[in-house]
Amino acid sequence: MPSIPLVDTHCHLFMPPLGHDVTGALDRAAARGVDRVVVPSYDPPSWTEVRLLAERPGVFAAYGVHPWVAGPWDPSAWSAWWDGLDEIACPPVAVGEIGLDTKLPDGPGLAAQLAVLRPQLEYARDGDLPVILHCRGAFEELLAEVERFGGALRGVLHAWSRGPELAARFTGAGLALGLGGAVTRDRARRLLQTARTLPLDSFILETDAPSIGLDGVLPAETEPAHVADIAAALAVLRNETLETIAEVTTDHAQQLFRLGA
Ligand SMILES: [Zn+2]
């Protein structure tokens, strides 16, 4: 275990089966050196669940409307909710998860997704909060949205799975890349090339539990403790010490989400 703690920067701690044993999951994480967890939400009902979780030490909330549910929510309703965020006990560390996804069959169209994404990006910029971005099938469109802010937007593109060229365009636009369980899989060639070749300070670590598995671990079995395995896989890939991986990725996560040491 590295002497520097690790951070799970993306975990859906309220979702089953994880949500049935939050205390156990956090204890097992702490036992492996993972002492902080950022929990993104995805729609207004989930905001309340995330807000309650963030009352626990080491758990931090992000609020957002996910592209998968871009349709049913009236933006005027959630912008009013967001206006009240300053008063809540557990203020958000990020706006997320938000983004674009054109791979979902029967999902909302790109125009509907953009209509929900844009005000959230502006909210993040105006409130000096980072964004937690999800993207499938619309990388050029998302990059264009981020670039419109001319460097004034910070955040992470989570669950990065693509090659180094595209990765460098997103880091060049000021975003971090979230590396998760996929770095433990030999077959994820493009991703492994990114993880090996980009500067280490391009990355933060995440599990996306319980959505993405590791080599030998099913998605439903993943939990924040597995950040330790992701860090170990990255250390081997990059031929660096676990200590260095922990130091650089934790420092980055702390700065991005202003978690404090
Ligand atoms: Zn997620």
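Each remark here, short or long, concerns the structure printed above.
Residues numbered from 1 in each chain as written. Predicted model: local features only at pLDDT ≥ 70, side-chain atom pairs only at ≥ 80, totals over all residues. Heavy atoms only, no water.

(A) Molecular detail of helix 9 (residues 242-257). Here helix 9 is 16 residues long and its end C-alpha atoms lie 22 Å apart, about the 22 Å a rise of 1.5 Å per residue gives. Buried within helix 9 are the following residues: Ile-245, Ala-246, Thr-249, Thr-250, His-252, Ala-253, Gln-254, Leu-256 and Phe-257. Just downstream of helix 9 lies Arg-258, where phi reads positive at about 50 degrees. (Helix = DSSP H or I, 4+ residues; strand = E, 2+ residues; numbered from the N terminus. Expected span 1.5 Å × (residues − 1). Buried < 20%, exposed > 50% of the residue type's maximum accessible area, 1.4 Å probe, protein only.)

(B) The arrangement of the layout of surface pockets in detail. The calculated volume of the largest pocket comes to roughly 440 Å³. Taken together, 21 residues line the largest pocket, and the ones lying closest to its centre are Trp-68, His-134, Arg-136, His-158 and Ala-159. Among the elements that make up the lining of the largest pocket, the one with the highest residue count is strand 5 (residues 131-136) (three residues). Classifying every residue of the lining of the largest pocket by side-chain character gives nine nonpolar, seven polar and five charged. Approximately 170 Å³ is the volume attributed to the second largest pocket. What lines the second largest pocket is a set of 14 residues, and nearest its centre among them are Ala-159, Trp-160, Ser-161, Ala-182 and Leu-191. Grouping the amino acids of the lining of the second largest pocket by side-chain chemistry returns six nonpolar, four polar and four charged. (1 Å grid on protein atoms, 1.4 Å probe; cavity = no way out; pocket = protein on both sides within 12 Å on 5 of 7 lines; lining within 4 Å. Points joined across faces, edges and corners; volume = space filled by probe spheres on them. Nonpolar A, V, L, I, M, F, W, Y, C, P; charged D, E, K, R; others polar.)

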